[in-house]
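Here are the chains, one letter per residue:
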Amino acid sequence: MKKISSEKTIRVLIADDHILFREGLRRILELEEDIKIVAEGKDGAETLELVNKLKPDVILMDINLPGPNGIRITRQIKKRCRKVYVIMLSMYEDTAHIMESFQAGASGYVIKTRPSSELLQTIRSVFREGVSIPPLIEHKLLKGIREPDFLSGTQHVNLTKREIKVLKFVASGSTNKEIAKKLFLSEKTVKNHLNHIYRKLGVKNRAQAVMEALRRDYIGRQ
């Protein structure tokens, strides 16, 4: 069992039609002191009903959920409950599924063959910062985002070097406090940088900012 310092318990809803998979997730998550499973949904309709009723912090969403699939349900959830975060769980590693998931409003994407430690890290990063994009997923996103059709109509936006550094730390899952420490800034200054970034990119939150920065090739550079 790993004890993580947290201001509150992360309330998680599992949405998957495979009972054995849900049981496996439950066993993994129940060992974590900062995570509480509030419900399990076996299909799209049930998941949406549970979300409306319970307002969990994080949903672990099977991309192939029966009924309305995970991507369709994610779109509906983000329209109704903006502060509920969705982490897509999938066997698909292709760019198309990853792109579609994030465009639907997902804040994270975990491939089911990855170790449980990656899932736990993603849950915590998404809960505290609203987004988690590990290197493998970032590479896939970059591939799709740089397609000509996706880039068409993109207008140039001037971000400062400091703003780009802040965005790179955001994409890695760093908190404002961690970013401030790494850049020798105050947390207030980091928040101000983020507000400027949101305004310049025309976005409302960290997940959208990371997606837009990837699309514009700001944070995919070495």
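Every value quoted in this text rests on a predicted model; they were computed, and no experiment measured them. (Residues numbered from 1 in each chain as written. Predicted model: local features only at pLDDT ≥ 70, side-chain atom pairs only at ≥ 80, totals over all residues. Heavy atoms only, no water.)

A. Quick look at the pairing of strand β2 (residues 35–41). Across six bridges, strand β1 (residues 10–15) lies against β2 in parallel orientation. In the sheet register, L13 faces β2, and the bridge partner there is A39. Taken together, β1, helix α1 (residues 19–29) and β2 form a β-α-β motif whose crossover is right-handed. (Pairing = 2+ DSSP bridges. Helix = DSSP H or I, 4+ residues; strand = E, 2+ residues; numbered from the N terminus. Right-handed = clockwise from strand over helix to strand, strands pointing away.)

B. Seen up close, the pairing of strand β4 (residues 85–90). Taking burial as the measure, the six residues of β4 include five buried ones, the bulk of the element. Pairing analysis gives five bridges linking strand β3 (residues 58–62) to β4, with the strands arranged parallel. If you follow M61 over to β4, its bridge partner there is M88. The handedness of the β3 to β4 crossover, carried by helix α3 (residues 70–80), is right-handed. As judged from the four bridges shared by β4 and strand β5 (residues 108–111), these two strands associate in the parallel manner. Counted as the bridge partner of S90 is I111 from β5. (Buried < 20%, exposed > 50% of the residue type's maximum accessible area, 1.4 Å probe, protein only.)

C. Representation of the confidence of the model for the protein chain in the model. When the pLDDT values of the protein chain are averaged, the result is 85; 87% of them are 70 or greater. For residues 1–6, every residue scores under 50 in pLDDT, and the model assigns this stretch eleven contacts once sequence neighbours within four places are set aside. Low pLDDT (under 50) marks residues 148–154, which in the prediction has ten contacts with non-local residues, meaning those over four places away or in another chain. (pLDDT = per-residue confidence, 0-100. Contact = heavy atoms within 4.5 Å.)

D. Region of interest: the packing of helix α10 (residues 187–201) against helix α11 (residues 206–215). Two elements in contact, α10 and α11, have axes whose closest approach is 10 Å; the angle formed by their N-to-C orientations is 60°. On the basis of their axis angle, the class for α10 and α11 is oblique. Once α10 is placed against α11, the crossing between them reads as left-handed. Between α10 and α11, the residues in contact are L194, Y198 and L201 and R206, A209, E212 and A213, respectively. Its residues assigned to classes, the contact of α10 with α11 shows five nonpolar, no polar and two charged. (Axes fitted to C-alpha atoms, helices over the stretch in contact; angles between N-to-C directions. Parallel < 35°, antiparallel > 145°, perpendicular 65-115°, else oblique. Left-handed = near helix turned anticlockwise from the far one by under 90°. Nonpolar A, V, L, I, M, F, W, Y, C, P; charged D, E, K, R; others polar.)

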